[in-house]
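# Architecture and fold: a report
So the chains spell out like this:
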Amino acid sequence: MFYYVLKYVLLGPLLRLVFRPRIEGLDNVPPEGAAIIAGNHLSFSDHFLMPAVLKRRITFLAKAEYFTGPGVKGRLTAAFFRSAGQIPVDRSGKEAGQAAIREGLGVLAKDELLGIYPEGTRSHDGRLYKGKVGVAVMALRAGVPVVPCAMIGTFEAQPPGKVVPTLHPVVIRFGRALDFSRYAGMENEKAVLRAITDEIMYEILSLSGQEYVDQYAAVVKAEEAAARSARERRFPRMPLG
């Protein structure tokens, strides 16, 4: 119930007013039945802008950290995300991927829309990174179509680390639904899962016009963080004054 209050009364109108998103290809989203919406992930705002423009309810798999913050602020944040239709997923440990798949399949089993970011994390530089194969596993196991989606302009409006978004044109573009039924029963074939995921990422790339990086975003972030740490150890900042 509160999901629709957020969508139509509290948050949705505000997001439309601030971002004034232009929507393209909305008819590509199935009007009923289970489907996966697979998008690029540029901004914290993505979690709320896409649900605000869709005609149907959508459930996203969100990182568990949004639900485990300390104190009153943490509890309020967790309550807000749950009310907004987000499901917490622990991204650490060997079972993280399987847990996400189980949660996603549970949503699809109810003939609902599942939102997922195949990159696994927000892009820290606006580029599109290699997708993880969990989206392919869920598409094959559930036998559902995948609708690629491109968020354009949200990185400029609210890049990682920026709390208050700035005014910037935003486009939300949905591509044609992708049917992978020809691969039915092959969800354990690594080459098939990689091919499906790459096809999804190519469609997102075509919609978004981003620069593509054939590496996982989390790996690149870790490498860049390690390089910064090494530079700081080598060239420590001198105190002023």
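Residues numbered from 1 in each chain as written. Predicted model: local features only at pLDDT ≥ 70, side-chain atom pairs only at ≥ 80, totals over all residues. Heavy atoms only, no water.

Before going further, it helps to spend a moment on helix H7 (residues 190–208). Counted at 1.5 Å a residue, the expected span for H7 with its 19 residues is 27 Å, and the 27 Å between its end C-alpha atoms agrees. Buried positions along H7 lie against strand S2 (35–39), strand S6 (128–129), helix H5 (134–142), strand S7 (146–152), strand S8 (171–174) and strand S9 (212–213). Count one or two residues on from H7 and you reach Gly209, which has phi positive near 75°. (Helix = DSSP H or I, 4+ residues; strand = E, 2+ residues; numbered from the N terminus. Expected span 1.5 Å × (residues − 1). Contact = heavy atoms within 4.5 Å.)

For the rest of this paragraph, the subject is the packing of H5 against H7. For the pair H5 and H7, interaxial distance at closest approach is 8 Å and the crossing angle is 105°. Taken together, the axes of H5 and H7 are roughly perpendicular relative to one another. Contacts from Val135, Ala136, Val137 and Leu140 in H5 reach Val192, Leu193, Ile196, Thr197 and Ile200 in H7. Its residues assigned to classes, the contact of H5 with H7 comprises eight nonpolar, one polar and no charged. (Axes fitted to C-alpha atoms, helices over the stretch in contact; angles between N-to-C directions. Parallel < 35°, antiparallel > 145°, perpendicular 65-115°, else oblique. Nonpolar A, V, L, I, M, F, W, Y, C, P; charged D, E, K, R; others polar.)

Strand order in the open sheet formed by seven strands is S1-S8-S7-S2-S5-S3-S4, and the pairing between neighbours is mixed. The open sheet has two free edges, formed respectively by strand S1 (22–24) and strand S4 (86–89), since each of these has just one partner strand. The sheet shows a mean angle of 25° between the axes of neighbouring strands, direction not considered. With four bridges connecting them, S7 and S8 associate as antiparallel partners. When the bridges of S8 are listed, Ile152 appears paired with Val171. Its contacts with the sheet put H5 on S2, strand S5 (113–116) and S7, and the angle it makes with S2 is roughly 165°. (Pairing = 2+ DSSP bridges.)

What follows concerns helix H2 (residues 46–53). With eight of eight residues buried, H2 is to be regarded as a mostly interior element. Looking only at H2, the buried set comprises Asp46, His47, Phe48, Leu49, Met50, Pro51, Ala52 and Val53. (Buried < 20%, exposed > 50% of the residue type's maximum accessible area, 1.4 Å probe, protein only.)

The next subject is the pattern of salt bridges. Applying the stated rule across the entire model yields seven salt bridges. Residue Glu211 pairs with Arg127 through a salt bridge whose shortest N-O separation is 3.5 Å. Taken together, the residues span a long stretch of sequence, with Glu211 in the loop between H7 and S9 and Arg127 in the loop between S5 and S6 at a distance of 84 residues. For the salt bridge of Asp198 with Arg194, the shortest nitrogen-to-oxygen distance reads 3.1 Å. Here Asp198 and its partner Arg194 are both found in helix H7, four residues apart, which amounts to about one turn of the helix. Through salt bridges that share partners, Arg22, Glu24 and Arg173 make up one connected network. (Salt bridge = Lys/Arg side-chain N within 4 Å of Asp/Glu carboxyl O.)

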